[in-house]
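# Chains, contacts and geometry: an overview
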Amino acid sequence: APAATLKVWADDTRSPALLAVAPDFEAQYGVKLEISELGFGDIRDNVKRAAPAGEGPDLFVGAHDWVGELYTNGILAELDLGDKASEFFPAALDMFSYEGKLVGMPYATENVAFFYNPELVTEVPATWDDVKTLAKELQDSGKAKYGFCRQEGDPYHFYPIQTAFGGYIFGQNADGTWNPEDVGFGNEGSVAAAQWLLDMVDQDSIVTGMDWGTYHASFNSGECAMMITGPWALPDMRAAGAKFEISAFPTGPAGASQPFLGGQALFVSAFSENGLLAQAFLTEYMATEEAMRLLFEADPRPSAFLAVREDPRDPDVDKFGAAGANAVPMPNIPAMSAVWGPAEDALKLLQQGSAEAEDAMTNAQEQIITALAQ
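These remarks concern the structure in this document. Computed from a predicted model, the values in this text were never measured in an experiment.

## What to know about empty space enclosed by the protein
- This model, assessed by the stated rule, comprises two cavities of 30 Å³ or more.
- Space inside the largest cavity adds up to approximately 50 Å³.
- Every residue lining the largest cavity is listed: Arg 14, Tyr 107, Ala 108, Met 292, Leu 295, Phe 296, Asp 299, Arg 301 and Ser 303.
- At the level of secondary structure, the elements contributing two or more residues to the lining of the largest cavity comprise β6 (105–110) and α11 (289–298).
- No other element matches α11, which puts three residues into the lining of the largest cavity.
- A per-class count over the lining of the largest cavity returns five nonpolar, one polar and three charged.
- Roughly 40 Å³ of internal volume is contained in the second largest cavity.
- Surrounding the second largest cavity, Phe 148, Cys 149, Arg 150, His 157, Ile 161, Tyr 215 and Ile 228 form its lining.
- Mapped by element, the contributors of at least two residues to the lining of the second largest cavity are β8 (146–149) and α6 (155–164).

## Here's the deal with the packing of aromatic side chains
- Enumeration over the complete set of coordinates arrives at 21 aromatic pairs.
- Ring-pair connections join several aromatic residues into one group, and the members of that group are Phe 114, Trp 128, Phe 148, Trp 196 and Phe 249.
- Note that Arg 309 overlies the ring of Phe 89, its terminal NZ or CZ placed 3.6 Å from the centroid.

## Quick word on the sheet that holds strand β7 (residues 113–116)
- Reading across from one edge, β8-β11-β7-β12 is the order of the four strands in this open sheet, with mixed pairing throughout. Across the chains shown, the open sheet's two edge strands, defined by having one partner strand only, are β8 and β12 (245–247). Looking at each pair of strands side by side, their axes are set apart by 20° on average, direction ignored.
- In terms of strand pairing, β7 meets strand β11 (residues 224–229) through four bridges, oriented antiparallel. For Phe 115, the partnering residue across the bridge sits in β11 and is Met 227.
- Across the face of the sheet, helix α8 (residues 212–220) comes into contact with β7, β8 and β11 while running at roughly 135° to β11.

## Describing the environment of Asn 179
- With respect to the element layout, Asn 179 can be found in strand β10 (residues 178–183).
- Placed 154 residues apart in sequence, Asn 179 and Ile 333 show a C-alpha to C-alpha distance of 9.3 Å.
- Once residues within four sequence positions are removed from consideration, Asn 179 is found in contact with Phe 170, Gly 171, Gln 172 and Asn 173.
- Polar contacts involving the side chain of Asn 179 include one to the main-chain amide nitrogen of Glu 181, which spans 2.9 Å.

## Focus: the layout of surface pockets
- Considering only enclosed or pocket space, the largest pocket measures out at about 420 Å³ in volume.
- Surrounding the largest pocket, 16 residues form its lining, Asp 94, Ser 97, Gly 176, Thr 177 and Trp 178 being those nearest its centre.
- In terms of residue class, the lining of the largest pocket is made up of six nonpolar, seven polar and three charged.

## Describing the pairing of strand β13 (residues 260–268)
- Of all nine residues in β13, nine are buried, a share of seventy percent or more.
- Of the two faces of β13, both are covered, the one formed by Phe 260, Gly 262, Gln 264, Leu 266 and Val 268 as well as the one formed by Leu 261, Gly 263, Ala 265 and Phe 267.
- In this structure, strand β3 (residues 59–63) lies alongside β13, joined through five bridges in antiparallel fashion. Within β13, the position partnered with Val 61 by the bridge is Leu 266.
- Pairing geometry for β6 and β13, over five bridges, is antiparallel. Looking at the pairing, Thr 109 lines up with Gly 263 of β13.
- Direction of pairing for β13 relative to strand β14 (residues 328–329): parallel, over a ladder of two bridges.

Procedures and definitions
Residues numbered from 1 in each chain as written. Predicted model: local features only at pLDDT ≥ 70, side-chain atom pairs only at ≥ 80, totals over all residues. Heavy atoms only, no water. 1 Å grid on protein atoms, 1.4 Å probe; cavity = no way out; pocket = protein on both sides within 12 Å on 5 of 7 lines; lining within 4 Å. Points joined across faces, edges and corners; volume = space filled by probe spheres on them. Helix = DSSP H or I, 4+ residues; strand = E, 2+ residues; numbered from the N terminus. Nonpolar A, V, L, I, M, F, W, Y, C, P; charged D, E, K, R; others polar. Phe/Tyr/Trp six-rings, centres within 6.5 Å; stacked < 30°, edge-to-face > 60°. Lys NZ or Arg CZ within 6 Å of the ring centre and 35° of its normal. Pairing = 2+ DSSP bridges. Axes fitted to C-alpha atoms, helices over the stretch in contact; angles between N-to-C directions. Contact = heavy atoms within 4.5 Å. Polar contact = N/O pair within 3.5 Å; in protein donor to acceptor, adjacent residues only side chain to side chain. Buried < 20%, exposed > 50% of the residue type's maximum accessible area, 1.4 Å probe, protein only.

Any functional reading would require information beyond the geometric quantities listed.
Right under this line is the structure:
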């Protein structure tokens, strides 16, 4: 019988890659790798419940925005990648670090990029003001129904625009950690970005009432000229035969647009009795070009492993890497949960044309600060 069993929780997309490397690991260590499939979105809550009771996994897959919560609940073990650390994209390691400790081994990163229809847009607008001008020209000439499409609310997809104008969500301390006492959602740059959105709404380049599905369908059919989306949209776009090009973002008065960097990783449970074995599986069997390429092929988005990131063998994914050159890791502190609601509401009001830029953003700022004080 095997000396030990390592329990792994993964979703159906990542399980095959883990299963592919399992036999070699089992043979070398005399360990059984037991992989259970759960929906990606179900893993976090199940781990929080099962791990402290001794019924959770030794290893599990998860996302960057789980880190703060799982770490403060004592569920994430600190990892040491040793020499292998230099083979990872540094910003991805930052994203899975908390209070200076690495608590996840990243395998993928994700960020949004600027999409345009090359039959309508012949050269990428250099600035967000150029986007505004071009959107109006395309509509006035009848070439496009909408210059730019986005769903209502959606602070995540708005962030590259917000940062280009000098807005931000939380400031950073000198050591790079997030400072929840410095909220920038209502600062001058954020208000300027909100005014850009309002101007786009006023000239009918951005319309109300679009959800994620509608705005992608509108782009795929050629009605809409430009939008922001992520690598997760590629399969549908390719299936629809959409005309698209992917580029880095236009710039703004404050310089480069900075989309959020997100990502996925493999975590070791702090409650695992086989933590060292779990770490060995990660560093020796998963932190290899072969295993990382299997994970990449299962779900193409820029790899956190440099050998695959720098040679994805997929030109579209390569362009997402370029669009994410200035990406900032989404804050993984618990305070982020206070941001989404007020930010969503403010952007909805703006896209519905029912608020002034400064009012919408400063109200959201006040709501965020109030929520954090509680």
